[in-house]
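What follows is the residue order along each chain.
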Amino acid sequence: MIHKVERNIVIVIIAIMLVILVFGVFQLIQENKSPIWNGYYKLEEYREENSFQDYTDYCKYFYTEKDDEKFINSKQYHVVENNSIEDIAGYFDNFKKQMENQNRLLEYDFDISLISSGDYVHIKADKETDLNYYSYSIYFYDIETHILYYIHYNI
């Protein structure tokens with residue numbers, strides 16, 4: 001009888017461990033989901049051609065007002081506050097310089113004055129110093145125009 005109880009305890013422990021493992025994997029998948037939400041009705045995409053590791057991408061995803069909730073309720077995005085506007089603008093300034101260096105300014109039409117408090121942003125960045133950016137992906141959602149701007153720079 002004791003052997004049967006021990007076996008049942010082991011089964012319960014294994015079941016609990018499996019539930020924890022499945023939940024952990026599910027959380028990992030959720031956290032690694034793309035910050036580009038489904039539902040956009042138009043896409044403008046400008047990707048650097050013939051690039052292997054170093055590349056510069058600029059995309060615009062057009063949403064409708066009803067899609068604002070996706071960004072507002074997202075754990076991946078955070079609301080832009082007045083004290084973060086300058087930092088976000090720094091990425092876009094740097095990106096514009098990179099596009100200019102590649103003679104691709106005709107592809108790039110982002111206006112920094114769009115960045116305001118109440119918008120939403122998701123930043124993935126590796127910075128060497130505050131002034132020297134060398135790898136970043138910025139997802140900036142302008143709440144007024146309902147456009148998600150994506151810039152990616154990797155040297």
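First, a word on scope: everything that follows refers to the structure included in this document. (Residues numbered from 1 in each chain as written. Predicted model: local features only at pLDDT ≥ 70, side-chain atom pairs only at ≥ 80, totals over all residues. Heavy atoms only, no water.)

1. Here we look at the overall build of the chain
If you tally the helices and strands in the chain, you get three helices and six strands. Within the span of the chain, comprising 155 residues, buried residues form 35% of the whole. Looking at the chain alone, contacts between residues at least 24 apart form 60% of all its contacts between residues at least 6 apart. Surface exposure of the chain reaches about 10,300 Å², of which carbon and sulfur atoms provide 55%. (Helix = DSSP H or I, 4+ residues; strand = E, 2+ residues; numbered from the N terminus. Buried < 20%, exposed > 50% of the residue type's maximum accessible area, 1.4 Å probe, protein only. Contact = heavy atoms within 4.5 Å. Areas by Shrake-Rupley, 256 points an atom, 1.4 Å probe, with all protein chains shown as cover.)

2. Some remarks on the side chain of aspartate 142
Its place among the elements puts aspartate 142 in strand E5 (residues 133–142). A polar side-chain atom of aspartate 142 sits 2.7 Å from a polar atom in the side chain of threonine 145. Aside from chain neighbours lying at most four places away, what touches aspartate 142 is Leu114, Asp119, Ile147 and Tyr149. (Polar contact = N/O pair within 3.5 Å; in protein donor to acceptor, adjacent residues only side chain to side chain.)

3. Digging into the side chain of glutamate 44
Position of glutamate 44 relative to the elements: it lies in strand E1 (residues 42–47). The exposure class of glutamate 44 is buried, given its relative accessible area of 19%. Only 3.5 Å separates the side chain of glutamate 44 from the side chain of tyrosine 46, close enough to count as a polar contact. The residues touching glutamate 44, leaving out its near neighbours within four places in the chain, are Tyr58, Cys59, Lys60 and Phe62.

4. Some details on the nonpolar core
By size, the foremost hydrophobic cluster in this structure holds 20 residues, and its most contacted members are Phe92, Phe95, Tyr108, Phe110, Ile115 and Ile151. Breaking this core down by element, the ones donating at least two residues are strand E2 (55–62), helix H3 (85–101), E5 and strand E6 (147–154). Among residues more than four places away in sequence, those in contact with phenylalanine 95 are Thr56, Asp57, Tyr58, Tyr108, Tyr136, Ile151, His152 and Tyr153. With 12 residues, the next largest nonpolar core counts Trp37, Phe71, Tyr141 and Leu148 among its residues. (Core = buried A, V, L, I, M, F, W, Y, C linked by side-chain atoms within 4.5 Å.)

5. Some thoughts on unusual backbone geometry
The backbone phi angle of asparagine 103 is positive, close to 55°, even though this residue is not glycine. With respect to the element layout, asparagine 103 can be found in the loop between H3 and strand E4 (120–127). Positive phi outside glycine occurs at histidine 146, with the angle close to 65°. The residue histidine 146 is located in the loop between E5 and E6 in this model.

6. Observations concerning the pattern of salt bridges
Under the defined criterion, the tally for this structure stands at five salt bridges. The shortest N-O distance in the salt bridge between lysine 42 and glutamate 44 comes to 3.6 Å. The exposure class of lysine 42 is partly exposed, given its relative accessible area of 39%. In this structure, lysine 60 engages aspartate 109 in a salt bridge whose closest nitrogen and oxygen atoms are separated by 2.7 Å. (Salt bridge = Lys/Arg side-chain N within 4 Å of Asp/Glu carboxyl O.)

7. A word on the environment of serine 116
Of note, serine 116 is situated in the loop between H3 and E4. Judged by relative accessible area, which is 22%, serine 116 ranks as partly exposed. Here the alpha-carbon distance between serine 116 and asparagine 82, two residues 34 residues apart in the chain, equals 7.1 Å. When residues no more than four places from it in sequence are discounted, the contact partners of serine 116 are Val80 and Ile85.

8. Some points on the pairing of E6
Burial analysis of E6 places eight of its eight residues in the buried class, which makes it a mostly covered element. Covered by surrounding structure in E6 are Ile147, Tyr149, Ile151 and Tyr153 together with Leu148, Tyr150, His152 and Asn154, the residues of both alternating faces. Of the strand pairs in this sheet, E2 and E6 are connected by eight bridges, and their pairing is antiparallel. In the sheet register, tyrosine 61 faces E6, and the bridge partner there is leucine 148. (Pairing = 2+ DSSP bridges.)

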